[in-house]
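# Coordinate inspection notes
The primary structure of each chain is shown beneath.
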Amino acid sequence: MRQVVVTGGGTGIGKAIAAAFAKCGDQVVITGRRPEPLAQTVAELGGSVRAVRFNAADPKQVEQALPELPDVINVLVNSAGGNTDIGAANPASLSELAAAWRANLDANLLSAVLVTTALRDRLVHGGAVINFSSIAAHRPGAGSYSAAKAAVEAWNMTLAHDLGSDGISANVIAPGFIDDTEFFRGRMTDVRRAALRAQTANGRSGTPSDIAATVLFLASPGASHITAQTIHVNGGAWSS
Ligand SMILES: NC(=O)c1ccc[n+]([C@@H]2O[C@H](COP(=O)([O-])OP(=O)(O)OC[C@H]3O[C@@H](n4cnc5c(N)ncnc54)[C@H](OP(=O)(O)O)[C@@H]3O)[C@@H](O)[C@H]2O)c1
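Structural notes, computed from the coordinates.

About the thresholds
Residues numbered from 1 in each chain as written. Predicted model: local features only at pLDDT ≥ 70, side-chain atom pairs only at ≥ 80, totals over all residues. Heavy atoms only, no water. Axes fitted to C-alpha atoms, helices over the stretch in contact; angles between N-to-C directions. Helix = DSSP H or I, 4+ residues; strand = E, 2+ residues; numbered from the N terminus. Parallel < 35°, antiparallel > 145°, perpendicular 65-115°, else oblique. Left-handed = near helix turned anticlockwise from the far one by under 90°. Contact = heavy atoms within 4.5 Å. Nonpolar A, V, L, I, M, F, W, Y, C, P; charged D, E, K, R; others polar. Near = heavy atom within 4 Å. Polar contact = N/O pair within 3.5 Å; in protein donor to acceptor, adjacent residues only side chain to side chain. Areas by Shrake-Rupley, 256 points an atom, 1.4 Å probe, with all protein chains shown as cover. Salt bridge = Lys/Arg side-chain N within 4 Å of Asp/Glu carboxyl O. Buried < 20%, exposed > 50% of the residue type's maximum accessible area, 1.4 Å probe, protein only. Core = buried A, V, L, I, M, F, W, Y, C linked by side-chain atoms within 4.5 Å.

### Some remarks on the packing of helix α1 (residues 12–23) against helix α7 (residues 208–218)
Their axes nearest at 8 Å, the elements α1 and α7 cross at an angle of 50 degrees. Judged on the interaxial angle alone, α7 and α1 are oblique. In this structure, the crossing between α1 and α7 has a hand that is right-handed. Between α1 and α7, the contacting residues are Gly 12, Ile 13, Ala 16, Ile 17, Ala 20 and Phe 21 on the first element and Pro 208, Ser 209, Ile 211, Ala 212, Val 215 and Leu 216 on the second. Among the residues forming the contact of α1 with α7, the class breakdown is ten nonpolar, two polar and no charged.

And the structure:
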């Protein structure tokens, strides 16, 4: 039985990852800022899943959460994140632009860096850290979100070399379009969905369970020599 922490585990991809580990018989802690999705996911997934509420991008909140997180951790999945530009007004000044860029860097890069650093000494030999990038880091169009996810990939290489000496892997998953998440804040249209599907080789959207299956593999003993990598899960919409 593994001890697993999934940030952003109340919804979307993180929820599917929590469900997959719970199904394996593991103990799972999910985290997020809003109490409602966390409570609902705990109720749905049953007794092996519990929630700890904190903002992963706020150093003080991460520190305060530490006593509630497991002392020994086998798998850390940093799924918390998203494109903070979605639904936001266009910046009207350099100050607003700076704030918008910092929001995406906080949500996607700092959230993973802070939680991983805070839990570093609780990760055990044979463990795995899985971070999240996006296809958006490899294509034009998403500005500060793309840059923040590219930074996750760059940081992960250093992380892998730090953790490798303790027999712990660190990898990044870069999903393409994944349906049935809160990522698009209700703004995904049928036309856009069809366009994104048309970019793939297999003609379908990704699902949270596609990503959960990749996470289970990366956390398995058979994947222990895979580290410092970015794994693309996008149906062929972009080739690495
Ligand atoms: N869906 C896609 O098509 C897609 C594609 C490529 C990459 N991704 C990446 O996949 C990851 C999971 O996203 P998703 O698609 O599952 O979207 P989602 O349903 O919106 O899930 C994101 C989760 O992260 C949590 N979160 C966000 N910021 C946080 C913070 N500062 N502190 C703590 N929790 C935070 C959210 O909960 P609270 O708001 O309650 O905190 C939410 O539960 C993200 O890193 C995203 O960038 C998604």
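### A short note on the site of the ligand
Taken together, the neighbourhood of the ligand is formed by 30 residues, with Thr 11, Ile 13, Arg 33, Arg 34 and Tyr 145 sitting nearest. Within the side chain of Arg 33, a nitrogen or oxygen atom sits 2.7 Å from an oxygen atom of the ligand. Here an oxygen atom of the ligand sits 2.9 Å away from a polar atom, N or O, in the side chain of Lys 149. Relative to its free-state accessible area of 880 Å², the ligand is covered by the protein chains to the extent of 97%. Mapped onto the shell around the ligand, the elements with two or more residues apiece are α1 and α5 (143–164).

### Focus on the pattern of salt bridges
By the definition in use, this model includes nine salt bridges. Between Arg 204 and Asp 210 there is a salt bridge, and its shortest N-O distance comes to 2.8 Å. Residue Arg 204 is classed as partly exposed on the basis of its relative accessible area of 39%. Residue classification places Asp 210 among the partly exposed positions, given a relative accessible area of 23%. Within the structure, one salt-bridge network assembled from shared partners comprises Asp 179, Asp 190, Arg 193 and Arg 197.

### Let's talk about the packing of α1 against helix α2 (residues 35–45)
Interaxial distance between α1 and α2 falls to 11 Å at its minimum, and their mutual angle equals 30 degrees. Regarding the angle of α1 to α2, the classification is roughly parallel. Both α1 and α2 take part in a crossing whose hand is right-handed. Of α2, the residues touching α1 (which contributes Lys 15, Ala 18 and Ala 19) are Thr 41, Glu 44 and Leu 45. Classifying every residue of the contact of α1 with α2 by side-chain character gives three nonpolar, one polar and two charged.

### Side note on the nonpolar core
Ranked by size, the top nonpolar core spans 26 residues in total, and within it Ile 17, Phe 21, Val 77, Ile 130, Phe 132 and Val 215 carry the most contacts. Contributing elements (two or more residues each) for this core: β1 (3–7), α1, β2 (27–32), β4 (73–78), β5 (123–132) and α7. A total of seven residues in this core trace back to one element, the largest contributor, which is α1. With sequence-adjacent residues up to four places away left out, Ile 130 is seen in contact with Val 75, Leu 76, Val 77, Asn 78, Asn 171, Ile 173, Val 215, Leu 218 and Ala 219. Grouped together as the second largest cluster of nonpolar side chains are 25 residues, Phe 54, Leu 123, Val 129 and Val 172 included.

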